[in-house]
Amino acid sequence: QVELVESGGGFVQAGGSLRLSCAASGRTFSSYAMGWFRQAPGKERQFVAGISRSGVDTDYANSVRGRFTISRDNAKNTVDLHMNSLKPEDTGVYYCAATNTYSPGNIYYNAPDYDYWGQGTQVTVSA
């Protein structure tokens, strides 16, 4: 069991940057692969970025690749999402998620693969 709490959302102009953080409870954080998802108005929740249990492997949605960076610090039980060059289409509620799923590969791209979710944090990017 793990509890996730996101922070760092807010309002930013297009081209700006934000850093989202997700703090996890418990002392087995490194046993979970982590992901960030977002849900834009009128859209389904979509994969944004994922990171393996060790932090060695990462992957991103095509829409954010090159602009966002996911990282984790297992000693601090945190996973961050650094967002640069933000666009209005990045607007949405961002969710941190954890999974103990084991299957081929170290990144999990589908929301149903995740077992635990944070409450979400709103990111709004103005044109």
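Use the structure listed above.
Here is a short report on the structure shown in this document.

### A few points about the overall build of the protein chain
- Helices and strands together make up the secondary structure of the protein chain, namely zero helices and 11 strands.
- Its C-alpha atoms give the protein chain a radius of gyration of 13 Å, near enough to 14 Å, the size a compact globule of 127 residues would have.
- Principal-axis analysis of the C-alpha atoms places the extent of the protein chain at approximately 40 × 25 × 25 Å.
- Each of the 127 residues in the protein chain was classed as buried or not, and the buried ones make up 46%.
- Pairs at least 24 apart in sequence give 59% of the contacts found in the protein chain among residues at least 6 apart.
- Just so you have it, the protein chain exposes about 6,400 Å², and 47% of that area is on carbon and sulfur atoms.

### Notes on unusual backbone geometry
- Phi at Asn-77 takes a positive value of approximately 60 degrees, unusual for a residue other than glycine.
- Here Asn-77 falls in the buried class, since its relative accessible area comes to 13%.

Conventions adopted
Residues numbered from 1 in each chain as written. Predicted model: local features only at pLDDT ≥ 70, side-chain atom pairs only at ≥ 80, totals over all residues. Heavy atoms only, no water. Helix = DSSP H or I, 4+ residues; strand = E, 2+ residues; numbered from the N terminus. Rg over C-alpha atoms; globule rule 2.2 N^0.38 Å. Buried < 20%, exposed > 50% of the residue type's maximum accessible area, 1.4 Å probe, protein only. Contact = heavy atoms within 4.5 Å. Areas by Shrake-Rupley, 256 points an atom, 1.4 Å probe, with all protein chains shown as cover.

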